[in-house]
Amino acid sequence: MEPRQSQPTDYGHFVIHIVKRMTQQSSAIDQAMLRRAIGLASSYLVTDTSTNSERGIQTWCTGFHRLVDIMVLELETVNEASKACSECWSVAGTWRGMEDCRQGVKEVAAKLKKLLDEPHRRTYKGSKVYTPSST
């Protein structure tokens, strides 16, 4: 009997699935579920790229972008997205072959930054947002 080969993970597909489930259950986006999905970004970065060397970066990046695009913003959700960017940045710089993922992190971080308060973009609706140096 041959060992069963694992299917590659796909963060983009995972995001579509949870958003579909959220919107079927309610017309509103469940912020707690959204935060949990965002919090999985760095784990999916590792698994998508290690289980699918051809498309893993793309599937991870697609999922991360989709989550940020649909965020209904609450401070906790913005903080979770900021933490996920920080974690993914670290993972992408630490694991060999993931350097290209940093571009996806930069793009997501740029989207988040546009949502923050002017002029310094360190707060959201007057409250301080998580940054790696503020831990």
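These lines cover the structure that appears in this document, whether it is placed above or below. (Residues numbered from 1 in each chain as written. Predicted model: local features only at pLDDT ≥ 70, side-chain atom pairs only at ≥ 80, totals over all residues. Heavy atoms only, no water.)

Empty space within the largest pocket amounts to approximately 380 Å³. Lining the largest pocket are 18 residues, and of these Ser82, Cys85, Ala109, Tyr130 and Thr131 sit closest to its centre. Breaking the lining of the largest pocket down by element, the ones donating at least two residues are helix 5 (75-94) and helix 6 (101-115). Of the residues in the lining of the largest pocket, the class split is 10 nonpolar, four polar and four charged. (1 Å grid on protein atoms, 1.4 Å probe; cavity = no way out; pocket = protein on both sides within 12 Å on 5 of 7 lines; lining within 4 Å. Points joined across faces, edges and corners; volume = space filled by probe spheres on them. Helix = DSSP H or I, 4+ residues; strand = E, 2+ residues; numbered from the N terminus. Nonpolar A, V, L, I, M, F, W, Y, C, P; charged D, E, K, R; others polar.)

When you line up the elements, Asp48 lands in helix 3 (residues 41-51). As a buried residue without a salt bridge, Asp48 has its nearest oppositely charged side chain in Arg55, at a separation of 8.7 Å. Ignoring any residue separated from it by four or fewer positions in sequence, one finds Asp48 in contact with Thr9, Asp10, Tyr11, Gly56, Thr59 and Trp60. (Buried < 20%, exposed > 50% of the residue type's maximum accessible area, 1.4 Å probe, protein only. Lys, Arg positive; Asp, Glu negative; His and termini not counted. Salt bridge = Lys/Arg side-chain N within 4 Å of Asp/Glu carboxyl O. Contact = heavy atoms within 4.5 Å.)

Looking now at the packing of helix 1 (residues 11-25) against helix 2 (residues 31-39). Remark: helix 1 packs on helix 2, axes separated minimally by 11 Å, with the N-to-C direction vectors making an angle of 175°. Here helix 1 lies roughly antiparallel to helix 2, going by the angle between them. Residues Tyr11, Phe14, Ile18, Arg21 and Met22 of helix 1 pack against Met33, Ala37 and Ile38 of helix 2. Residues of the contact of helix 1 with helix 2, tallied by class, amount to seven nonpolar, no polar and one charged. (Axes fitted to C-alpha atoms, helices over the stretch in contact; angles between N-to-C directions. Parallel < 35°, antiparallel > 145°, perpendicular 65-115°, else oblique.)

Topologically, Met71 is positioned in the loop between helix 4 (56-70) and helix 5. Met71 gets classed as buried once you look at its relative accessible area, which sits at 10%. Along the backbone, Met71 and Phe14 are 57 residues apart, and their C-alpha atoms lie at a distance of 16 Å. With near-sequence residues (within four places) excluded, Met71 lies in contact with Leu34, Ile38, Thr77, Val78, Ala81 and Leu112.

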